[in-house]
Amino acid sequence: MGFLDILLGRTRAAPPDLDRLFALPSAAITLRAATGFTPTGRGSVCFTTVEGAAFARIRQDVTELLEADGQRAGAPVEFSRDTYGYSWLLSRRGPDDLTSLVGDLHAVNTALEGTGFGPQLLCSLVGFERIEDAGENEHGQGQGQAQAFALVYLYKRGTFYPFAPLPGDRRDNALELRIRAVLSDDLRFEGDLTRWFPVWGAPGL
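Structural notes, computed from the coordinates. It should be emphasised that the depicted structure is a prediction, and the values quoted were computed from it without experimental measurement.

Criteria and cut-off values
All chains use their own residue numbering, which begins from 1 and follows the written sequence. Per-residue local features are limited, in this predicted model, to residues with pLDDT of at least 70; the limit for side-chain atom pairs, both in listing and counting, is 80 or more; totals at the level of whole chains, interfaces and linings are taken over all residues. The basis for every side-chain value is the complete set of non-hydrogen atoms in the structure, without hydrogens or water. Working definition: helices are DSSP H or I runs of at least four residues, strands are E runs of at least two. Numbering for both runs from the N terminus. Only protein chains enter the calculation, and the probe is 1.4 Å; a residue is then buried if its accessible area is under 20% of its type maximum, exposed if over 50%, and partly exposed in between. Paired strands, as defined in this entry, are two strands with at least two bridges between them according to DSSP. To define axes, lines are fitted to C-alpha atoms, for helices over the stretch in contact only, and angles between the resulting N-to-C directions are given on a 0 to 180 degree scale. Contacts: residue pairs with any heavy atoms within 4.5 Å of one another. Angle categories: roughly parallel below 35 degrees, roughly antiparallel above 145, roughly perpendicular from 65 to 115, and oblique for all the rest. In a left-handed crossing the near helix is turned counterclockwise from the far helix by less than a right angle, and in a right-handed crossing that turn is clockwise. Gly counts as polar in this scheme, as do all residues outside two lists: the nonpolar Ala, Val, Leu, Ile, Met, Phe, Trp, Tyr, Cys and Pro, and the charged Asp, Glu, Lys and Arg.

The helix and strand inventory of the protein stands at five helices and eight strands. In the protein, the succession of α and β elements from N to C terminus is α-α-β-α-β-β-α-β-β-β-β-β-α. Buried residues in the protein amount to 42% of all 205 residues.

This is the structure we're talking about:
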């Protein structure tokens, strides 16, 4: 930070630090103890769409990278494009193997960054869920219904935030703030709430 930044009270966004993703497994332990939420085993990486041969090369490189893991069952990664035109790479692991899932997300981000596509990287997310087992909660979710949210990592900011969708394109702001409070010692959260962008229908959520 330069002298003028200090003088004028300006701050700069944290540089990308993909190793912060490795804090998620320990954060998940804290989260489960405090709230009952557990990993779903699904996670994804989002980036601005790359067309043509470049995207084909990304797809091949990432598939080969994740197929190299002999412990993986099923397809290594699924590619999709959302209604806003962004591309997503979805990885699946067992719900109890968050460490491997985080390794997948880190590897995909690193591969894209290393091949010159770092500027296209937007975010990564990991899904969590909890089964409502008694009556109906305040949001109209009934007995035995899963309540879900994602921890989203903003690549360019180096920060996390929770996104908890509800039916009808609503979000559970109270839960999001509670998650931040529970995990404030485990993860570096995004301080600007206007950057807690909704990721409706994101793969892995």
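So much for the structure itself; the text now carries on.
Spatial ordering of the open sheet is given by β2-β3-β1-β4-β5-β6, a layout of six strands whose pairing is antiparallel. Looking at the sheet topology across the chains shown, the edges are occupied by β2 (78–81) and β6 (159–163). Adjacent strand axes in the sheet meet at a mean angle of 25° when their direction is disregarded. Of the strand pairs in this sheet, strand β4 (residues 121–132) and strand β5 (residues 145–154) are connected by ten bridges, and their pairing is antiparallel. The residue of β5 that forms the bridge with Phe-128 is Phe-149. Each of β1 (38–48), β2 and β3 (86–92) touches helix α3 (residues 52–67); the most contacted strand, β2, lies at about 150° to it. The sheet contacts of helix α4 (residues 98–117) involve β1, β3 and β4, and relative to β1 the element is tilted by about 10°.

This paragraph deals with the packing of helix α2 (residues 24–35) against α4. Remark: α2 packs on α4, axes separated minimally by 9 Å, with the N-to-C direction vectors making an angle of 140°. With respect to α4, the element α2 is oriented oblique. Regarding α2 and α4, the two cross each other, and that crossing is right-handed. Residues Leu-24, Pro-25 and Ala-28 of α2 form the contact with α4, whose own contacting residues are Leu-98, Thr-99 and Val-102. For the contact of α2 with α4, a count of residues per class yields five nonpolar, one polar and no charged.

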